[in-house]
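Each chain, letter by letter, is given below.
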Amino acid sequence: MGMAPPYSGIKSQKNSNHDGLRIVPVQQQDMEVHYSTRDTNITPALDVVMEFNPDVMDLSEEQLLSHFQQSASRALPIFGHDPTELGNTLIRIALSENTPSAGAVHKAILAFSSLHAHGVHSQAMELKISALRALAAMPRPKDANISCICAAQHIAAGMLLCCFEIHLSSCSSADWRRYFHGVKEVVRTARLEEVPEPDRSPGLIVMLDWVRYHDVHMRFIQLHWHREPPLEFSMSSHIGAIQKQDPSMETILTDLLDQVIMSVPTLAKFQSVADISDEEQRNVQQTLDVRLRSLKISNTMHTEATVLELYRLSILIYLNRIRTQRSLSTRAATETNQQSRAEIKSQLQNHIDQAFFLLPKLKICTQQFPIFILGCEAYSDDQRARVLDLLNRTEKISDTRSLAQACMLLEAMWARDDLSVLDRGAKDSYSQRFSSVVSRARVAPTFV
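**Q** Got a minute to help me understand the packing of aromatic side chains in this structure?
**A** The description of two aromatic rings rests on the distance between their centres and on the angle between their planes. A complete count under the given rule lists 12 aromatic pairs for this structure. When the centroid spacing of 6.3 Å and the interplanar angle of 70° are considered together, the rings of Y318 and F434 count as edge-to-face. Taken together, the positions of Y318 in helix α12 (residues 303-329) and F434 in helix α17 (residues 430-438) put the pair 116 residues apart, joining distant regions of the chain. The class of F434 is buried, set by a relative accessible area of 0%. With centroids separated by 4.3 Å and ring planes inclined at 15°, the aromatic side chains of F372 and F447 adopt a geometry described as stacked. With F372 in helix α14 (residues 368-375) and F447 in the segment after α17, the pair connects residues that are 75 residues apart, well separated along the chain. Pair check on accessibility: F372 and F447 agree, each one buried. Among the aromatic residues, ring-to-ring pairing joins F79, Y213, F220, Y311, Y318, F369, F372, Y430, F434 and F447 into one connected group.

**Q** What is the right way to look at the side chain of H224 in this model?
**A** Secondary-structure assignment places H224 in helix α8 (residues 202-224). Side chain to side chain, H224 and Y318 meet in a polar contact 2.8 Å long. Excluding anything up to four places from it in sequence, H224 contacts Y318, S431, F434, S435, V438 and S439.

**Q** Could you clarify how one ought to interpret unusual backbone geometry in this entry?
**A** What is expected of a backbone is that most residues other than glycine have negative phi and most peptide bonds are trans. In this structure, R191 is a non-glycine residue whose phi angle is positive, near 55°. For R191, the position within the fold is in the loop between α7 (176-189) and α8. By relative accessible area, which is 49% here, R191 ends up partly exposed.

**Q** Even after reading the chapter, I still don't get helix α11 (residues 278-294), so can you show me in this structure?
**A** An α-helix turns once every 3.6 residues. As a result, residues three or four positions apart point the same way. Its 17 residues give α11 an end-to-end C-alpha distance of 24 Å, which sits within 8% of 24 Å, the value for a rise of 1.5 Å per residue. For α11, every residue scored as buried is listed here: Q281, Q285, L288, D289 and L292. An end-on view of α11 places all buried positions within 105° of arc, on one side of the element.

**Q** Just to check I follow, could you spell out the packing of helix α6 (residues 148-168) against α8 for this structure?
**A** Helix packing for two helices is described by the angle between their axes and how far apart those axes are. At a closest axis distance of 11 Å, the pairing of α6 and α8 adopts a crossing angle of 40°. As far as their axial angle goes, α8 and α6 are oblique. Both α6 and α8 take part in a crossing whose hand is left-handed. Here α6 contributes A152, I155, A156, M159, L160, C163 and I166 to the contact with α8, which in turn contributes M207, W210, V211 and H214.

**Q** Quick question: what am I supposed to make of the pattern of salt bridges here?
**A** Working definition: two side chains of opposite charge can pair if their charged atoms are close together. Evaluation of the coordinates by the stated rule reveals 19 salt bridges. Between D289 and R293 there is a salt bridge, with the nearest N and O atoms lying 2.8 Å from each other. Here the residue D289 and the residue R293 both occupy positions in helix α11, the gap between them amounting to 4 residues, near one helical turn. Residues participating in the shared-partner salt-bridge network are K184, R212, D215, R219, D255 and D258.

Criteria and thresholds
Residues numbered from 1 in each chain as written. Predicted model: local features only at pLDDT ≥ 70, side-chain atom pairs only at ≥ 80, totals over all residues. Heavy atoms only, no water. Phe/Tyr/Trp six-rings, centres within 6.5 Å; stacked < 30°, edge-to-face > 60°. Helix = DSSP H or I, 4+ residues; strand = E, 2+ residues; numbered from the N terminus. Buried < 20%, exposed > 50% of the residue type's maximum accessible area, 1.4 Å probe, protein only. Polar contact = N/O pair within 3.5 Å; in protein donor to acceptor, adjacent residues only side chain to side chain. Contact = heavy atoms within 4.5 Å. Expected span 1.5 Å × (residues − 1). Arc of directions from axis to C-beta. Axes fitted to C-alpha atoms, helices over the stretch in contact; angles between N-to-C directions. Parallel < 35°, antiparallel > 145°, perpendicular 65-115°, else oblique. Left-handed = near helix turned anticlockwise from the far one by under 90°. Salt bridge = Lys/Arg side-chain N within 4 Å of Asp/Glu carboxyl O.

Set out below in structure tokens:
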């Protein structure tokens, strides 16, 4: 079976005979995948093409720092904090002292800024290599005696390299998970999660929330990306919730998504509660559903609040898809179970309708998780058009990270769904459907 051609942008087009109708073409590799075995090792892998820019003049260090502060830092994926606030924190860490550790952060900032300014070119790659060398020369944290400053420098350099890789999410970005593993090791070794809230500096709070957000989404994707065996550290050693007296709504939603991930049955072997019963699992998921539905996000006339509501609805949609799947796989078809399934399905449809109603109200949405979850629910032309329009609006903002990988996987999902309409055999479960498409990405995606 041949290799799928690299993805180079949104392929959907408007049909001149049907105003507003988008066409997502079904290609040969979509047919091959649909009618072949589900073995992800032999299905054609989907790649985002890496475009090298050879005709770029190198920027000075001052220009790169200025670009990072004014523009590139806005592309750092974070939830619940202003990305420019994170960028300023990183600059302070890099310029705080003249040490190899601070130098690694400095080089990583310059590398990310160069990549953001001109894409993949020689200066960006050289600066990335310099950052890696500086990071390798840093003293390795081996015990809890590591200072908070040294730990923050390790984390900053590792996270910037991680963000360098996922900024374009191209076929050459496979190392982002290993960079992130190094960051998690530092957080655990330094026991930063255990630092009492009054002793946390504002910079440390931002850094921990940054790492926590990426950790939750990394473990989410490991549930469904099966092209390679999961890295041994990716599930079993996750970063727990950061205790706060007055958590933001973004923190609450991230923590709830984390709990939803941990409630998925396929994670049992990674948990200490591996022998949890089906009934206990159902009770956990039902409790999460109630907590999510009880969250009230007011004033959705503002973009930030609308994004939060879309995020809440996307978690509910994913959770209730999993609940419905488990309910259907249960052999006991009692009247109570049937009533429960009907109730979950009714709630699920309400969540989907609410989410699609919100999409046109958003100018942009830089968080990819809700767009992807909702995009997987888009079966009609109108629904797909709303998703594509939001992606196109967001893609026009130069400060956001690339949406090419998310678009590529959504179009593969829609092609798969359209082909499945022709089949009359047994349908895949939600997890099978979701995983079969996500696993087509050659490089593990991350929907931060």
